[in-house]
Every structure is written in structure tokens, then in C-alpha cells.
Amino acid sequence: MTTKDRIIEEAFKLFLNNNYEKVSISDLEEAIGKTRGAIFYFFKNKEEIFNAAIETYIIKKQAPDEKFDFSDDLSLEQFIYRYVKGINTTMSQMLSLSVVNIYKQYFSLYLQASRIYPNFSGIMAENSVAEISLWKKVITRAIDTKEIKKVDPMHYATLFRSCFLGLAFDRCLTYGLDTEELLTIYMDLYNQLRLKK
């Protein structure tokens, strides 16, 4: 890991556990084990460090093209399994940081980012639209190939995405998202839509 990457990772951990305003440069020096000069060799100020942490650990990790292994020929059932696998991969990366109650802290940091990171809300809204578009594309293909019955693709794309978001938010104050539970819900939905052969 490069020094810059280490600064970003340690800063991310600090910002997860503390409000942006409470994290000092001294805190960063202590967490990273580097001097102010070494930190500011890579970054102009604390806001730039915060933004790099948000870019690396939230924006990129939540971007559909980074998170999901997608191809145009996937069945809806295949996509569901890949979607959950992508969530598991992201969650494993977050858990590897060894932050206590990372799920709760992650949502808190997400809200901070909406105040501090330039156009964060717009970027995350674009990610959401892109993810729903993936679901819609897969559902439309599943209808066309007679994998599932005719339904409103946009309605079900939103429903599948909302199941993930709802469970993630609902569980953030306790033990975090259980992807096995999410997969069970997805497969129940899928089986209700599937055409019997």
C-alpha cells in the first residue's frame, strides 16, 4: 500500500468514527504515523483528505460498474446471485478495516459526505439511477426471453433495489445487512415472477 493510500484508509477510519469537524490534523498524524509535512505532500488540507476518502470508500465502492459483474446475457436469476456477490465483496472490504459497528458509522459518514463532498448527492443519485437501470435491463430481458411473466420492469427494478437499501438501512444500527436474508427475499420475488415451464 502506498503512503497516499494509507493516509486515505486511516483518514476514512477516523472519519467513520468521528465527525469531520472533530478530526484534527494531529489525529491524522497519530493514526497514520506520519508528520504533517508527509501528509500535506499528498493533500492540500483536511477537506481534500476527506474527499479522497469519500471518493475511494463510498463513491467508487457504490458505483455499479465497480460493484457488480454484469453482462448483457445474464438471466434475472444469474444477476440476482451476482448482485448479492457484489454486495458481499464490498462488505468484506469494509469489514477488513476493523472498524467497530462499521454499518452505523458508514451511514453517518454518508450523511456527512452529503454536506462536505462537492455534489455528493448528485453523484450518488446517478449511481442509484445506473443501478436501477441495470435491474430494469435484466428484468426486461427476462420478460423477453420468457424467464419471467410480464411485469412493469421499472416497478420491479425499483422494488429489487429498495429491498437492498431498506434492509441495509434497517440493520445498520444492529448487526448489519445479512446478505443471506437479502438473497432469500430476492429469490422469493424471483420465484413469484418466474414462468413455470
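Residues numbered from 1 in each chain as written. Predicted model: local features only at pLDDT ≥ 70, side-chain atom pairs only at ≥ 80, totals over all residues. Heavy atoms only, no water.

- As recorded in an unreviewed UniProt entry, the protein goes by HTH tetR-type domain-containing protein and comes from Sunxiuqinia dokdonensis.

**With respect to the overall build of the protein**
Part 1 of the argument: Within the protein, the regular secondary structure consists of 10 helices and zero strands.
Part 2 of the argument: Across the protein, helices and strands are ordered from the amino to the carboxyl terminus as α-α-α-α-α-α-α-α-α-α.
Part 3 of the argument: Taken along the three principal axes of its C-alpha coordinates, the protein extends 65 × 30 × 30 Å.
Part 4 of the argument: Here the protein, with 197 residues, has 46% of them falling under the buried criterion.
Part 5 of the argument: Across the protein, the fraction of contacts at a sequence separation of at least 24, relative to all contacts at a separation of at least 6, is 69%.
Part 6 of the argument: If you sum the accessible surface of the protein, you get close to 10,600 Å²; carbon and sulfur atoms cover 52% of it.
Part 7 of the argument: The average position of the 26 basic charges and that of the 26 acidic charges among the side chains of the protein differ by 2 Å. (Helix = DSSP H or I, 4+ residues; strand = E, 2+ residues; numbered from the N terminus. Buried < 20%, exposed > 50% of the residue type's maximum accessible area, 1.4 Å probe, protein only. Contact = heavy atoms within 4.5 Å. Areas by Shrake-Rupley, 256 points an atom, 1.4 Å probe, with all protein chains shown as cover. Lys, Arg positive; Asp, Glu negative; His and termini not counted. Charge placed at Lys NZ, Arg CZ, Asp CG, Glu CD.)

**Structural notes on the UniProt feature "domain: HTH tetR-type" (unreviewed entry) in the protein**
Part 1 of the argument: Taking the UniProt record as the reference, the feature "domain: HTH tetR-type" (unreviewed entry) is found at residues 1–61.
Part 2 of the argument: Secondary structure over residues 1–61 splits into 75% helix and 0% strand, and the C-alpha atoms at its two ends are 18 Å apart. (UniProt positions renumbered as here; feature names shortened; annotations may be inferred.)

**Some thoughts on the packing of aromatic side chains**
The geometry of an aromatic ring pair is captured by the separation of the ring centres together with the interplanar angle, meaning the angle of the planes.
Part 1 of the argument: Under the definition given, this model contains 17 aromatic pairs.
Part 2 of the argument: A ring pair is formed by F68 and Y83, whose centres lie 4.4 Å apart and whose planes are at 10°; its orientation type is stacked. Taken as a pair, F68 in the loop between α5 (64–67) and α6 (76–95) and Y83 in helix α6 lie far apart in primary sequence, 15 residues in all. Y83 matches F68 in its accessibility class, with the two residues each being buried.
Part 3 of the argument: Aromatic ring contacts, followed pair by pair, group F68, F79, Y83, W135, F160, F164 and Y186 into a single cluster.
Part 4 of the argument: Here the basic side chain of K46 rests over the ring of Y20, its NZ or CZ set 4.3 Å away from the ring centre. (Phe/Tyr/Trp six-rings, centres within 6.5 Å; stacked < 30°, edge-to-face > 60°. Lys NZ or Arg CZ within 6 Å of the ring centre and 35° of its normal.)

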